[in-house]
Amino acid sequence: MFSRSSKLKQIKEPKDVVVISEFLGCSIILKASDVYCNTAAAKNFFGSTRDSFDSESGIPPRCDLCNDHLIFGAQPQQPQQPQRCSPNFTMTSESPRSEEILVLFASQTGNSEEAAKNLCELIPEKLSSQNIQRLTGCKDTITLSARSLQLDDFLEIERACWTRLIVIVLSSYGVGQAPLGGYRFRELCDAIIERKKSGMLSGLTFALLGLGDSKFTTFFQNPTKTNEALRFAGAKRIGSLGKADAAGDQLESIDQWISTIWPALATAVVQAPPSDERMKAIREETLALCMEINPDMAPKKAFQLRLEIILILAALPIIFAIISALYTLNNRD
């Protein structure tokens, strides 16, 4: 039952021998017919006992924890300890559950997008329920799905609907700036640092693979800034910060990073997730900061939407009339 050796005590009793094991400061009955402390048993542990049983007086030994007499009789059944799943011994529910992982990317030449989509396709196989159990020792049945999305689409279309575990694949462009599809996310990262939004993303976990070319002096600046901002905001990075250099064998570096990230991802998904309230707060704080730096991201009011629709409908006949007039003039020539 226990991996380390235990200090055993024997208590002589007229009809039986009680063996009590002291483990991690608590004494647990391993074999008895039966002696237990009623008070301590209710608390799911036992105090250590006196060295011997006084057979002449017939007085049972006392529990050192509560000073109550140990009771001879049927020992109450011990509650079963929850399964400890991860290497960090985080306890999770044993019921089947499903979860989505977002793979977010921003790419100028398409390399980051391709790497993100390849990783996304591998997740259901590499992080199958059986592989998660093999990598972590967790007994839970966890079904994972994955979806790839541009970083800016995640903010603008998905409205920062975070999953608790995300993977980011991105590069730098120009003088260390964000590539296509990552402008607004980079602005968000810069604002996190400038406005000292520490703790805003606390509860999130991410892995990051950066692409670039070390021939340029601004090599890896955008992935570095993104990593710094997310960690400053309280998100926890797992795995190494991937660095795929186009000056070397970039494809091999990408494949190597992907091949080594699975144990870290598996360990992350067996951890207890943040509460729904916390995930809602993360989303709201992200959107609030996005709208501060980009007011056009604020949702339009119903009246404003109706007004825009009316103006568009009103302009359609005028546009058609102009097109018709131009067509008629051309035919006359």
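Residues numbered from 1 in each chain as written. Predicted model: local features only at pLDDT ≥ 70, side-chain atom pairs only at ≥ 80, totals over all residues. Heavy atoms only, no water.

As enumerated under the stated definition, the model contains three aromatic pairs in all. Aromatic ring contacts, followed pair by pair, group Phe154, Trp162 and Phe185 into a single cluster. Of note, lysine 243 hangs over the ring of phenylalanine 220, and the distance from its end group to the ring centre comes to 4.8 Å. (Phe/Tyr/Trp six-rings, centres within 6.5 Å; stacked < 30°, edge-to-face > 60°. Lys NZ or Arg CZ within 6 Å of the ring centre and 35° of its normal.)

Here helix α7 (residues 250–269) spans 28 Å end to end across 20 residues, near enough to the 28 Å set by a 1.5 Å rise per residue. The largest bend along α7 measures about 35° and falls at isoleucine 261, with the proline proline 263 one to four residues further on. (Helix = DSSP H or I, 4+ residues; strand = E, 2+ residues; numbered from the N terminus. Expected span 1.5 Å × (residues − 1). Bend = angle between axes of the 7 residues up to and from the residue.)

Residues Ile309, Ile312, Leu313, Leu316, Ile319, Phe320 and Ile323 make up a contiguous nonpolar surface patch of about 690 Å² in total accessible area. Relative to the helices and strands, isoleucine 312 is located in helix α9 (residues 302–332). (Patch = residues over 30% accessible without salt bridge, like charges linked within 9 Å, V, L, I, M, F, W, Y side chains within 5 Å. Areas by Shrake-Rupley, 256 points an atom, 1.4 Å probe, with all protein chains shown as cover. Salt bridge = Lys/Arg side-chain N within 4 Å of Asp/Glu carboxyl O.)

Before going further, it helps to spend a moment on the nonpolar core. In terms of nonpolar packing, the biggest core is built from 32 residues, with Trp162, Ile168, Phe185 and Leu201 touching the most fellow members. With near-sequence residues (within four places) excluded, tryptophan 162 lies in contact with Phe154, Phe185, Leu201, Leu204, Met279, Ile282, Arg283 and Thr286. Within the second largest apolar cluster, 31 residues are counted, among which are Leu144, Leu165, Trp257 and Ile258. (Core = buried A, V, L, I, M, F, W, Y, C linked by side-chain atoms within 4.5 Å. Buried < 20%, exposed > 50% of the residue type's maximum accessible area, 1.4 Å probe, protein only. Contact = heavy atoms within 4.5 Å.)

Another aspect to go through is the pattern of salt bridges. Applying the stated criterion across every chain yields a total of 10 salt bridges. Taking the shortest distance from any N to any O, the salt bridge between arginine 147 and glutamate 158 comes out at 3.2 Å. Residue arginine 147 is found in strand β7 (residues 142–150), and its partner glutamate 158 is found in the loop between α4 (151–156) and β8 (165–171); the two are separated by 11 residues along the sequence. For glutamate 158, a relative accessible area of 22% translates into the label partly exposed. A salt bridge links glutamate 285 to arginine 278, with the nearest nitrogen and oxygen atoms 3.7 Å apart. What makes glutamate 285 partly exposed here is its relative accessible area of 36%. Relative accessible area serves as the criterion here: at 22%, arginine 278 is assigned to the partly exposed category.

Of all residues in the chain, 68% have pLDDT values of 70 or greater, and the mean over the chain is 78. Here residues 1–59 scores under 50 on pLDDT; set against residues more than four positions off or in separate chains, the count is 123 contacts. Here residues 64–93 scores under 50 on pLDDT; set against residues more than four positions off or in separate chains, the count is 80 contacts. (pLDDT = per-residue confidence, 0-100.)

With that settled, the discussion passes to the pairing of strand β6 (residues 97–106). Most of β6 is tucked away: seven of the 10 residues are buried. Note that β6 and β7 share nine bridges and pair parallel. Its bridge partner lying in β7, phenylalanine 105 is registered against glutamine 150. One ladder, built from five bridges, connects β6 with β8; its direction is parallel. (Pairing = 2+ DSSP bridges.)

Attention now moves to the packing of helix α5 (residues 183–194) against helix α8 (residues 276–293). For the pair α5 and α8, interaxial distance at closest approach is 10 Å and the crossing angle is 100°. Overall, the two elements α5 and α8 adopt an arrangement that is roughly perpendicular. Between α5 and α8, the residues in contact are Glu187, Leu188, Ala191 and Ile192 and Thr286, Leu289, Cys290 and Ile293, respectively. Classifying every residue of the contact of α5 with α8 gives six nonpolar, one polar and one charged. (Axes fitted to C-alpha atoms, helices over the stretch in contact; angles between N-to-C directions. Parallel < 35°, antiparallel > 145°, perpendicular 65-115°, else oblique. Nonpolar A, V, L, I, M, F, W, Y, C, P; charged D, E, K, R; others polar.)

Take the side chain of glutamate 99 next. Relative to the elements of secondary structure, glutamate 99 occurs in strand β6. Judged by its relative accessible area of 13%, glutamate 99 falls in the buried class. Here the side chain of glutamate 99 touches arginine 97 through a polar contact of 3.0 Å, side chain to side chain. Separated by 2.5 Å, the side chains of glutamate 99 and arginine 164 make a polar contact. Discounting residues that sit within four places of it in the chain, glutamate 99 has contacts with Thr143, Leu144, Ser145, Arg164 and Val269. (Polar contact = N/O pair within 3.5 Å; in protein donor to acceptor, adjacent residues only side chain to side chain.)

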